[in-house]
Every structure is written in structure tokens, then in C-alpha cells.
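Listed below are the residues making up each chain.
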Amino acid sequence: MRASSLPQPDPAGPVPAGPVPAPGRRAVLAGAAAVAATVCALPAAAPAAAAPRPPGARAEVHRWRTAAIGGTGFVTGLLFHPAVRHLAYARTDIGGAYRWDDAEARWTALTDHLGWDDWNLLGIEALAVDPAFPDRLYLACGTYAQSWAGPGAVLRSEDRGATWARSDLTVRLGANEDGRGAGERLLVDPRDSETLWLGTRHDGLLRSADRGATWAAATGFPAVPAASGQGVTLLVAAGRTVYAGWGDGGSALYRTDSSGGWEAVPGQPSNGPAATGFPVRGAYDAGSRALYVTYASGPGPNNQTDGSVHRLDTVNGTWTDVTPVTPGGGDAFGYGGVAVDARLPGTVVVSTNNRWGAVDTLFRTTDHGVHWTSLKDTAVLDVAETPYLRWGEAAAKFGWWIQSVAIDPYDSRHLLFGTGATVFGTRDLVHWAPEIRGLEESAVRQLIAPPTDSGAVLLSGLGDIGVMRHDSLTASPSRGMASNPVFGTATGLALATLKPSYVVRTGWPSGSGSAGAFSNDGGASWQPFAAQPSLAASAPGPVAVGADGATLLWSFIHWDGTKYAAHRSTDGGASWHEVPTFPKGGTPVADPLDPDRFYVYDTDTGAVFRSTDAGATFTRGASQLPSGDVQFKIAAAPGRSGDLWLSAKDDGLFRSMDGGAAFTAVAGCQASHALGFGRAAPAARRRGQRGRRTPAGYPAVFQTGRVAATHDGVAVLRSDDAGATWVRINDDAHQWGWTGEVITGDPRVHGRVYLGTNGRGIQYADPA
């Protein structure tokens, strides 16, 4: 991300029962039961079994695809297999792991099978391959190391990630925490393919003697972990010796010794970031028998102000400072990625990180670090395939959050590096373009499928990269991210149902103070609101627009959860006035037919408030409904007035047909997390229970929820009979972790569904 896309305030996401951590990039704070972490690991676990289908369960095969944007998230690790041409892997902080398909020139997702209960495993802390057995792949999975998150797991594959065996750990990993670009923290021992090493943040070094099936604390490892530290930051093989980076003080680098134990590496740098900071990455040049290590004053990807690069001659033990440029003055940064050229000894590439002023770069040397060249200085960037990378400006940046670099072992001029939004690649060290097809990592907040064929196929509000207008689902939006103004995370997106060319959006400002904008052409172009409430830039929340586009309601909530009064505008955002009767922090919902009607669910009290005067005042409607969770939400059925559905997570699904005066539980639905509507089924399919016909033309209802009669677990569901019966439309291979934020159907095509994920972009499907 750009400088303005440092971790964005991120109020939404599953919320833990305990204290909420400070917001980080797309933080998903799920209410996983806290499990005490111990140093050793549980016995091997079998591959995750598919949930049993209840008697009479209904499922419909769909073809699932990912809408093309291109990256959008932090690629934390890149790895070429050293012995197989064109075989490469990538890991991400919240969106799983990928394998490169060279024939298709795209990445293939490897972890979409991880389901609702395993949301925490979609963050990949580390990956490893076995040089001697090319089909073997290992992933260390675990997004958060906090007490409210579940323990991590190691996934093991014998077929390059096509299928997996799973070993659950008792320790927590932190793929979306500080230091997530360090590594790799997982390694196959160069002396024995049966032995694996796993570096943890708070539980020291683990060892497996059975190819990752079981794990225990490594004996003889001298470093003592700290509860708030970084622990083992990297593991790298240098010949038959294993080196381990350490981020909790004392010696920064350890190695295996001749007796099978561990020792601090002698002669390490005694001053500067190499002595007081963190070892970030390491790479071994077998041709010159030298180990290169990058260091930074902090674990990254943020808050690094100093860094260095050092070379260790593993034959004679001599250390040499080979830092390309020493940070200082107004140019503060750290060093991150490092890669060596397997074909050209002494050729090394390192990356700067957190260099917002001069912009991050890659430095390349061909003489063991004596002289370096900045590759950014001669780079020609082509981002035509993913225009959003321009971030609303004339040209894209070379990179930011660069902590992973890889050199193709079969092509010295083929380099890859990951950024906070993409993977850039080159084949000639000059011309660079994203090598990102298939890798989609956006966290999706809002989705709107416009009702007319003349508009966009889809509008999306996303974490970190604002709003997109999708004229195609197979190509990245040609306009890039919505600009004038540019947002970081989108907090609101709404369309006037009787005037669908009018769209409004709200979000965290990026590069300006404007937190709201409107469009008169369906999101093709934008203008900022002429005015905005004083708190808008620091607490932008969701927005609604009346059916005719005449009234705007804007709610405000700070990233720390503090709620503020909503404001109303009747002049397109030229002026705003507080609405005292609107529940603070609530999400406004406009009636699809009646411009005078608005609704809001007060999650604090479990009551619906209604307005019949275009949002000027609100009065209490139904009460004694589920409360206490900010993710409870209401949705209004299109083409009808006052037909409301309430998703109350594990408290179930409720419906009101009188504008929120009363709600009735939808029978048979045990949980509802997100809900939306699509085109009604053809008449022949509109049959409810016992063959009863449902009201003609009632929209298809989609949800992520649990209906035990259909599937024993949270699934993507559709009802063509107003909730009387449900059919599962995803399958065990397509689950994507947590999918509780947003779902919608398509008003033009029956059965088409758009699903927002938290780290795997926009998934969409049609009946097969």
C-alpha cells in the first residue's frame, strides 16, 4: 500500500470476547475460544473431514470463480523450488497460499478448502519445500497469536498443495501481525527430509521428526522467548547447517553445531540494527558459501527507521557489513527481503522497507556486496493490467512493504518481489509488471449488483483500496480504484434504488480529508461531498441513500468502537444536520420503494428504529431482539416496501413484513451472518415446503448461515421460497474461511451470487 495505506483503522470483523487489539491491516478479530498455548504440539491430526450431510440435505453444484482485481493485499513470502523449473509458491498474511501455474501464467489458490471454523488458518506464517522431494509442500498456518485466536496448524502436502494432511498445534502463530514479512520460519532440515523446524513467536523453536505430523520443543535451543516478542524470525539452511534468526534480544543468530545442538553464531555485528534490531530474512549463496542477512530496527512492515545487510563467510566465520545505503537523516528505512542467484555466485538482491520518502527499491550486487545498483532507478513499470496500482495518480510506485524477494534459480533475470498490494516481476531487470493473475487478497466490505443492464456488473467496497466499479468480472477494473477522492478502507456504499445511476460511498481518507463522495453515472466518476461533518475524516461510517436519491444518512463510528450521532443531508452533501433520534453508530438502511422510509438496527438494545419522514426523525419499532453484537444487520428485500430481514449470527434469522414493527424467527435457520437478494427464480422453481407456491417473483435470498436440515455447518445458502427451504451452493473445496461480512445475488441473473471474503477477494458463482 501507499504511505496512506499504513494499517487502516478497521472497525469491522469478527470481534473477540476479550479486549480488542489495536487495528491492523484488515484485522479480523474473531471470537475464537482462547486455548492455552504450550511449547509442544498436539499429535498428528487427520485431514479435515467434510461435514456430514444431514438426511434430506440439499445442495446445488455451482461453478465458483474469483472476480479479477489483482492482488490488493500483502504478499509476505515468495519461494521458487530450487530443483524444479517454473515451480513457485506465494504466501499472504490473511489470504492463504498459492502455487504458480506457468502454463496458465497465473497463481492457483491452495487453501480455499479451509472453512468457517478454521478462519484463523488462512494467514500463512511460513512455507517450506523439500529440495529432494519436489512434490512436498508445508505451510505453517495461523493469522493471530493473541489469546482470543485459536492455535495454529501445519498443512502437509505430497502433491504440491492439491491435497493436504493437517497437524494441529497448541501454539499460536501470527501471519497478520508485526514481523509477518520475516522468514521463512519453516524449514526442511538439509540433512534429513524427515526433520522439520518451525520458528514461533512466543514458544521458541519446534522440531518434527516425522515430516510435520507431530511437533515438540527443540532440545538445546538456547534462546528464551518473550510473551510480546518476535521469537524465531527466520530459518535458513547453509549447506548442512541450519541458522535461526532471533528477535527477542541477546544473540540475533544461532546455528546448529557438530554435536546436534545449537550455539550463538560467533563474531556477530556488535552495533547498529544488526546488534539491537531484528534479523528479517536470510539467504545462502552456495557458490560462495556466504550467508546474507538483512536487519531492521523493527520487525516491520511498519515502523522501521534503520537497517543493514551483512554477509557471513561460513567457511572462516568472517562477518562483513555490505549495506547498500545506510539509512539516516531524512531517509529512514529498514532492510527486508534478500535473495541469491543460484546460477551466479556473488549475485544478491535485497529490498528496502518502510522507505516512504525516497520510495522503496531493490538493490542488486554481482560482486558479493561490494557494489550495488538500485533497480528502481531504471525500472519501467507497466500496471495496465491492474490500474488500481496507480492509486488515483498518474503513475504507480515501485513498491512498499517489500519484505519478500525471489530469484528464479533457472533464470537470473527473472525476479519477483511482493508488496503490500501485488507481486512485481521482471525478465530483464528493467521492465516490470505485476505477476499476480489468480492471486486475489482483498477483504470485501460492501457489494452492490446494480439492477439495470446499462450499469456496472458490480460495485465493491474493499479494505485498504476503497471502491471499485466492475464492468467485467474477468479483468481488473479499468478505472482502477475510485478516485476524487481516494479512500483506504471503504466504510459505506449505497445506491438509490429508484435512480440507480446515483451512488454514494464513504471511507477512510487517503491523500485528502474527504471521507464521502457521490456519483451520477453509476460509479464511473466521482465528486466529493461539498461539505462533511467535522468528525467524518476520523470516524467515517456506513451511509444510506433514499430510494429517490434525495436524502443521505451518514453514521459515524471510530475505529476504536466509539459511536457518534448520525447526520442527514437533503442537498446531496452540501450541508449536514445531526439526527438525534438515530441510534449512534447504527447502519442506516433505505427502503427500496418509499423514499420517506429508513430503518436502523440498534445492536446495543436489540431494537429497530424507523423513519417515515425521510430520516429526519426515528421512532422505536420492534424490540427485545438479539443485541450486543455490532455485526447484527438488517437487509431490505428489493421491490418491496417494509420487507426486512435481520441476520443475528448464532441467534438466527428474523423477518418483518410490516416495516420493522414486529419480527418473526425464520424457522429452521440456526445462524445467519450475512444476507442479500437476487433475481427471483422462474415460476417452475418457486415451490416452498409441501409444494406450496411462494409469492410470485419473490427475490432469491442468499446468506452465509447455518440451516441444519441443509448442511451441518456454516455454508453459502440460497432460498427460492422466501426462506421456507434452503439449498447449499458452495462445497467443501470452496469455503474461504470467514465469509460473514457481505453477500448479494444478481438482480439480472437468477442463481448468480457474489460473496465477499476476508482475504480471498470477491467470489462469484452460477449454477453449473
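### Section: the overall build of the protein
Then step 1. Assigned secondary structure in the protein consists of one helix and 56 strands.
Then step 2. Taking 27 Å as the expected radius of gyration for a compact globule of 768 residues, we find that the protein reaches 26 Å, a close match to that expectation.
Then step 3. Principal-axis analysis of the C-alpha atoms gives the protein an extent of 80 × 55 × 45 Å.
Then step 4. Buried residues in the protein amount to 62% of all 768 residues.
Then step 5. Of all intrachain contacts in the protein linking residues separated by at least 6 positions in sequence, the fraction that spans at least 24 positions is 54%.
Then step 6. If the 64 positive side-chain charges of the protein are averaged to one point and the 71 negative ones to another, these points end up 5 Å apart.

### Remarks on the pattern of salt bridges
Then step 1. Under the criterion given, the structure shown has 30 salt bridges.
Then step 2. With its nearest N and O atoms 2.7 Å apart, the salt bridge here joins Glu158 to Arg211. Of this pair, Glu158 sits in the loop between β8 (153-157) and β9 (165-168) while Arg211 is found in the loop between β12 (205-208) and β13 (216-217), placing the two residues 53 residues apart along the sequence.
Then step 3. The exposure class of Arg211 is partly exposed, given its relative accessible area of 22%.

### So, the sheet that holds strand β21 (residues 319-321)
Then step 1. Pairing is antiparallel across the open sheet formed by four strands, whose spatial order is β18-β19-β20-β21. Only two strands of the sheet have a single neighbouring strand rather than two, namely β18 (278-285) and β21. Taking the axes of each pair of neighbouring strands and ignoring which way they run, one obtains an average angle of 25° across the sheet.
Then step 2. With seven bridges joining them, strand β19 (residues 290-296) and strand β20 (residues 307-313) adopt antiparallel strand pairing. The partner of Tyr295 across the bridge, within β20, is Ser308.

### So, the nonpolar core
The nonpolar side chains of a soluble globular protein tend to be buried with one another.
Then step 1. Membership of the largest hydrophobic core comes to 37 residues, with the highest contact counts inside it found for Leu362, Tyr388, Trp391, Leu415, Phe417, Trp432 and Ile465.
Then step 2. Taken together, the elements giving at least two residues each to this core come down to β27 (404-407), β28 (415-418), β31 (444-448), β32 (458-462) and β56 (762-767).
Then step 3. Membership of the second largest hydrophobic core comes to 17 residues, among which are Leu114, Ile124, Cys141 and Leu155.

### Remarks on the environment of Ser534
Then step 1. Residue placement: Ser534 occurs in the loop between β37 (527-528) and β38 (540-545).
Then step 2. According to the relative accessible area criterion, Ser534 is exposed, its value standing at 79%.
Then step 3. Placed 42 residues apart in sequence, Ser534 and Trp576 show a C-alpha to C-alpha distance of 10.0 Å.

### Topic: the sheet that holds strand β17 (residues 262-264)
Whenever strands of a sheet pair, they do so through backbone hydrogen bonds, lying parallel or antiparallel.
Then step 1. Ordered by their spatial adjacency, four strands build an open sheet running β14-β15-β16-β17, and the pairing between neighbours is antiparallel. With one partner strand each, in any of the chains shown, β14 (232-238) and β17 form the two edges of the open sheet. Taken over all neighbouring pairs, the strand axes of this sheet differ in orientation by 25° on average, direction set aside.
Then step 2. Pairing between strand β16 (residues 253-256) and β17: three bridges, direction antiparallel. Within β17, the residue paired with Tyr254 across the bridge is Ala264.

### Brief notes about the pairing of strand β35 (residues 503-509)
Then step 1. When you tally the buried positions in β35, you get seven out of seven residues, the bulk of the element.
Then step 2. Note: β35 against strand β36 (residues 516-519), four bridges, orientation antiparallel. By the bridge assignment for β36, Arg505 is matched with Ala517.
Then step 3. Taking the residues between adjacent antiparallel strands as the criterion, β35 and β36 are bridged by six residues, where Gly511 takes a positive phi near 90°.

### Observations regarding the environment of Phe632
Then step 1. Mapped onto the fold, Phe632 is located in the loop between β45 (619-620) and β46 (633-636).
Then step 2. The class for Phe632 is buried, based on a relative accessible area of 7%.
Then step 3. With 15 residues separating them along the chain, Phe632 and Ser647 place their C-alpha atoms 5.7 Å apart.
Then step 4. If sequence neighbours within four positions are ignored, Phe632 has contacts with Tyr601, Thr603, Pro626, Ser627, Ser647, Ala648, Lys649 and Asp651.

### Quick look at the side chain of Thr92
Then step 1. Here Thr92 lies in strand β3 (residues 88-92).
Then step 2. Overall, Thr92 belongs to the buried group, its relative accessible area being 0%.
Then step 3. Among the polar contacts listed, one links the side chain of Thr92 to the backbone oxygen of Gly96, at a separation of 2.8 Å.

### Quick word on the packing of aromatic side chains
Then step 1. The final tally for this structure, using the stated rule, is 26 aromatic pairs.
Then step 2. Summarising the aromatic geometry, the rings of Trp116 and Trp738 are spaced 6.4 Å apart at their centres and angled 40° between planes, so their arrangement reads as tilted. With a gap of 622 residues between them, Trp116 in the loop between β5 (106-109) and β6 (124-130) and Trp738 in the loop between β53 (727-728) and β54 (743-745) connect regions that are remote in the sequence.
Then step 3. Here the aromatic rings of Tyr502 and Phe518 are separated by 6.3 Å at their centres, their planes lie at 35°, and the arrangement is tilted. Placement of Tyr502 in the loop between β34 (487-495) and β35 and of Phe518 in strand β36 is noted, with a sequence separation of 16 residues between them.
Then step 4. Owing to a relative accessible area of 15%, Phe518 belongs among the buried residues under this scheme.
Then step 5. The ring of Phe333 is capped by Arg355, whose NZ or CZ atom sits 4.6 Å from the centre of that ring.

### Observations regarding the confidence of the model for the protein
Then step 1. Per-chain confidence: the protein averages 92 in pLDDT, with 91% of residues scoring 70 or above.
Then step 2. In this model residues 688-693 is a low-confidence stretch, pLDDT under 50, and it forms 10 contacts with partners more than four residues away in sequence or in other chains.

### Some thoughts on the environment of Glu158
Then step 1. Residue class for Glu158 comes out partly exposed when judged on its relative accessible area of 45%.
Then step 2. Spatially, the C-alpha atoms of Glu158 and Gly328 are 47 Å apart, while their sequence positions differ by 170 residues.
Then step 3. Contact partners of Glu158, with chain neighbours within four places excluded, come to Asp135, Arg136 and Arg211.
Then step 4. At a separation of 2.7 Å, a polar atom in the side chain of Glu158 contacts the side chain of Arg211.

### A word on unusual backbone geometry
Then step 1. With an omega dihedral of 5°, the bond running from Gly300 to Pro301 counts as a cis peptide bond.
Then step 2. Of note, Pro301 is situated in the loop between β19 and β20.
Then step 3. Each neighbour pair has its own omega, and for Asn484 with Pro485 the value is 5°, a cis peptide bond.
Then step 4. Note on placement: Pro485 falls in the loop between β33 (466-470) and β34.
Then step 5. Despite not being glycine, Ala105 has its phi angle at roughly 55°, a positive value.
Then step 6. Take Ala105: it is sitting in the loop between β4 (97-101) and β5.
Then step 7. The exposure class of Ala105 is partly exposed, given its relative accessible area of 31%.

### Some details on the side chain of Thr551
Then step 1. On the secondary structure map, Thr551 appears in the loop between β38 and β39 (552-557).
Then step 2. Excluding anything up to four places from it in sequence, Thr551 contacts Ala544, Val545, Gly546, Arg568, Ser569, Thr570, Phe598 and Ala614.

### A word on the pairing of strand β23 (residues 348-353)
Then step 1. Within β23, six of the six residues are buried, which leaves the element mostly enclosed by the surrounding structure.
Then step 2. Neither face of β23 is exposed, since Val348, Val350 and Thr352 on one face and Val349, Ser351 and Asn353 on the opposite face are all buried.
Then step 3. The pairing of strand β22 (residues 334-340) with β23 spans five bridges and is classified as antiparallel. In the sheet register, Val340 faces β23, and the bridge partner there is Val348.
Then step 4. Bridge count between β23 and strand β24 (residues 362-365): four bridges; the pairing is antiparallel. Within the sheet, the bridge partner assigned to Val349 lies in β24 and is Arg364.

The rules behind the values
- Residues numbered from 1 in each chain as written.
- Predicted model: local features only at pLDDT ≥ 70, side-chain atom pairs only at ≥ 80, totals over all residues.
- Heavy atoms only, no water.
- Helix = DSSP H or I, 4+ residues; strand = E, 2+ residues; numbered from the N terminus.
- Rg over C-alpha atoms; globule rule 2.2 N^0.38 Å.
- Buried < 20%, exposed > 50% of the residue type's maximum accessible area, 1.4 Å probe, protein only.
- Contact = heavy atoms within 4.5 Å.
- Lys, Arg positive; Asp, Glu negative; His and termini not counted.
- Charge placed at Lys NZ, Arg CZ, Asp CG, Glu CD.
- Salt bridge = Lys/Arg side-chain N within 4 Å of Asp/Glu carboxyl O.
- Pairing = 2+ DSSP bridges.
- Axes fitted to C-alpha atoms, helices over the stretch in contact; angles between N-to-C directions.
- Core = buried A, V, L, I, M, F, W, Y, C linked by side-chain atoms within 4.5 Å.
- Polar contact = N/O pair within 3.5 Å; in protein donor to acceptor, adjacent residues only side chain to side chain.
- Phe/Tyr/Trp six-rings, centres within 6.5 Å; stacked < 30°, edge-to-face > 60°.
- Lys NZ or Arg CZ within 6 Å of the ring centre and 35° of its normal.
- pLDDT = per-residue confidence, 0-100.

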